[in-house]
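Coordinates in review
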Amino acid sequence: MKELICAKDIEKILEEDKKEIEIEDGAIITAAAQDLIKNNEVQVVTKKNEKDMDMDLEKFINFFKMVSKDEKLQKKIKEILLNEKKFKMEEDTSGLFLIRGESVKFDKIFESLNIYGQELIKNSEENIGMIKIIGDSFIKKVKSKGKIYVISGEIEMIMKGKNFLGKTGDIIHFPKNIDLRIGSKEEAKLLYFSKDLSWINE
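Residues numbered from 1 in each chain as written. Predicted model: local features only at pLDDT ≥ 70, side-chain atom pairs only at ≥ 80, totals over all residues. Heavy atoms only, no water.

Some words on the pattern of salt bridges
If you walk through the whole model with that rule in mind, you get 4 salt bridges. In this structure, the salt-bridge partner of Lys-18 is Glu-16, at a minimum N-O distance of 3.2 Å. Across the pair Glu-90 and Arg-100 runs a salt bridge, and its minimum N-O distance is 3.2 Å. Of this pair, Glu-90 sits in strand 5 (residues 89–91) while Arg-100 sits in the loop between strand 6 (97–99) and strand 7 (107–108), and the two are 10 residues apart along the sequence. (Salt bridge = Lys/Arg side-chain N within 4 Å of Asp/Glu carboxyl O. Helix = DSSP H or I, 4+ residues; strand = E, 2+ residues; numbered from the N terminus.)

Some thoughts on the nonpolar core
The biggest cluster of nonpolar side chains holds 20 residues, and the ones touching the most others in it are Ile-148, Ile-155, Leu-180, Ile-182 and Leu-190. Elements with a minimum of two residues in this core: strand 9 (127–142), strand 10 (146–152), strand 11 (155–159), strand 13 (171–174) and strand 14 (178–194). Looking at this core element by element, the count peaks at 6 residues for strand 14. Apart from residues lying up to four places away in sequence, Leu-190 is in contact with Gly-129, Met-130, Ile-131, Ile-133, Ile-148, Tyr-149, Val-150, Ile-151, Ile-155 and Ile-182. (Core = buried A, V, L, I, M, F, W, Y, C linked by side-chain atoms within 4.5 Å. Buried < 20%, exposed > 50% of the residue type's maximum accessible area, 1.4 Å probe, protein only. Contact = heavy atoms within 4.5 Å.)

Right under this line is the structure:
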């Protein structure tokens, strides 16, 4: 049964001095509720039904297991299908979307290093993702310029033989066509913005 949003639901939101309501995908909003939303500039955020997504995902994975005996192909397909569940993202019909930072699940980038990452956005214009470094370092080959935001911890960067220290809250802009070594003595989390991604291990 589809979720029904009526005027009382919006009035309750307004009474709590909130300007946002989260609804299920495909929910029905009554005319009176729509008027309240419009007149009070309430933001409507659509959430996916995780239970339905889990069921659909399981069916897809089982189907590909049946049609392919190639274990490597099965693994790759599973990774692709599960990629959307690496973090929680809320989308609005206006085009706005919100990624819950605390929900991001990190994957190990290198087998031998304590470097973990998760790609959040990838298109022809930009790549945005998060990296977690635990007492290790790696090299990023950069083709285009980009930026790094230090979410937590401290990082040391080496570029063209020069050392740079980045601390929590710092924003680092790096030029194109360079090799940038990034490391942390303890644990650090980063948010990166770049048009290209090329991880290497030396």
